[in-house]
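Notes for the structure review
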Amino acid sequence: MAQAMRTNSANAGGLFASDGKSHPVPDTLVAVTAVLGLIAVITSIWHNLHLLSSWTGLVGILTGAYGQFVSETTRERFALILGLGASAIGFFIGMAHGGLFGGVIG
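An account of the accompanying structure is given in this report. (Residues numbered from 1 in each chain as written. Predicted model: local features only at pLDDT ≥ 70, side-chain atom pairs only at ≥ 80, totals over all residues. Heavy atoms only, no water.)

**Topic: the packing of helix α2 (residues 24–43) against helix α4 (residues 74–97)**
α4 packs onto α2 with a crossing angle of 25° between their chain directions and a minimal axis gap of 7 Å. If you check the angle between α2 and α4, you find them roughly parallel. Along this stretch, α2 crosses α4, giving a crossing that reads as left-handed. Seen from α2, the contacting residues are Pro 26, Asp 27, Leu 29, Val 30, Thr 33, Ala 34, Leu 36, Gly 37, Ala 40 and Val 41; seen from α4, they are Glu 76, Ala 79, Leu 80, Gly 83, Leu 84, Ala 86, Ser 87, Ile 89 and Gly 90. In the contact of α2 with α4, the residues fall into 12 nonpolar, five polar and two charged. (Axes fitted to C-alpha atoms, helices over the stretch in contact; angles between N-to-C directions. Helix = DSSP H or I, 4+ residues; strand = E, 2+ residues; numbered from the N terminus. Parallel < 35°, antiparallel > 145°, perpendicular 65-115°, else oblique. Left-handed = near helix turned anticlockwise from the far one by under 90°. Contact = heavy atoms within 4.5 Å. Nonpolar A, V, L, I, M, F, W, Y, C, P; charged D, E, K, R; others polar.)

As structure tokens, then:
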């Protein structure tokens, strides 16, 4: 169990890069998914903002899914799952309040 107590200086550099390398694309996808998820969840509180919450949730789900596809570290995947969950919640509540086109088409 001595290896459990060792510190790895390569991990100290990046927030999401636990392998010591730079991952600009997955890190950008993490940030975009998290922001879209927050917007979707916050705007789903008000039923008249269902267009914003459903569309940002849908785009957040798509960016998070692609981020999961290209992610390389566990930290990236963990943050992407949080953003994906928030996006999905905002998307589904927005769909329940009127959907992607509710009131605009038909």
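Following the structure, the description resumes.
**Considerations on a nonpolar patch on the surface**
There is a patch of nonpolar side chains on the surface, built from Val 35, Leu 38, Ile 39, Ile 42, Ile 45, Trp 46, Leu 49 and Leu 52 and spanning about 740 Å² of accessible area. Sort the elements by how many residues they give to the nonpolar patch and α2 lands first, with four residues. Mapping Trp 46 onto the fold places it in the loop between α2 and α3 (50–70). Under the relative-accessibility criterion, Trp 46 is labelled partly exposed at 46%. (Patch = residues over 30% accessible without salt bridge, like charges linked within 9 Å, V, L, I, M, F, W, Y side chains within 5 Å. Areas by Shrake-Rupley, 256 points an atom, 1.4 Å probe, with all protein chains shown as cover. Salt bridge = Lys/Arg side-chain N within 4 Å of Asp/Glu carboxyl O. Buried < 20%, exposed > 50% of the residue type's maximum accessible area, 1.4 Å probe, protein only.)

**A look at the packing of α2 against α3**
Direction vectors running N to C along α2 and α3 enclose 155°, while the axes themselves pass 8 Å from each other. The pairing of α2 with α3 is recorded here as roughly antiparallel in orientation. As α2 packs across α3, the resulting crossing turns out to be left-handed. For the pair formed by α2 and α3, the contact residues are Pro 26, Leu 29, Val 32, Thr 33, Leu 36, Ile 39, Ala 40 and Thr 43 on the first element and Leu 52, Ser 53, Thr 56, Gly 57, Val 59, Gly 60, Thr 63, Gly 64, Tyr 66, Gly 67 and Val 70 on the second.

**A closer look at α4**
Taking 1.5 Å of rise per residue, the 24 residues of α4 would be expected to cover 34 Å, and the 35 Å separating its terminal C-alpha atoms lies within 8% of that figure. Within α4, burial applies to Glu 76, Ala 79, Leu 80, Gly 83, Leu 84, Ser 87, Ala 88, Gly 90, Phe 91 and Gly 94. Looking at the buried positions of α4, the neighbouring elements they touch are α2 and α3. Following α4 by one or two positions, Gly 98 adopts a phi angle in the positive range, close to 160°. (Expected span 1.5 Å × (residues − 1).)

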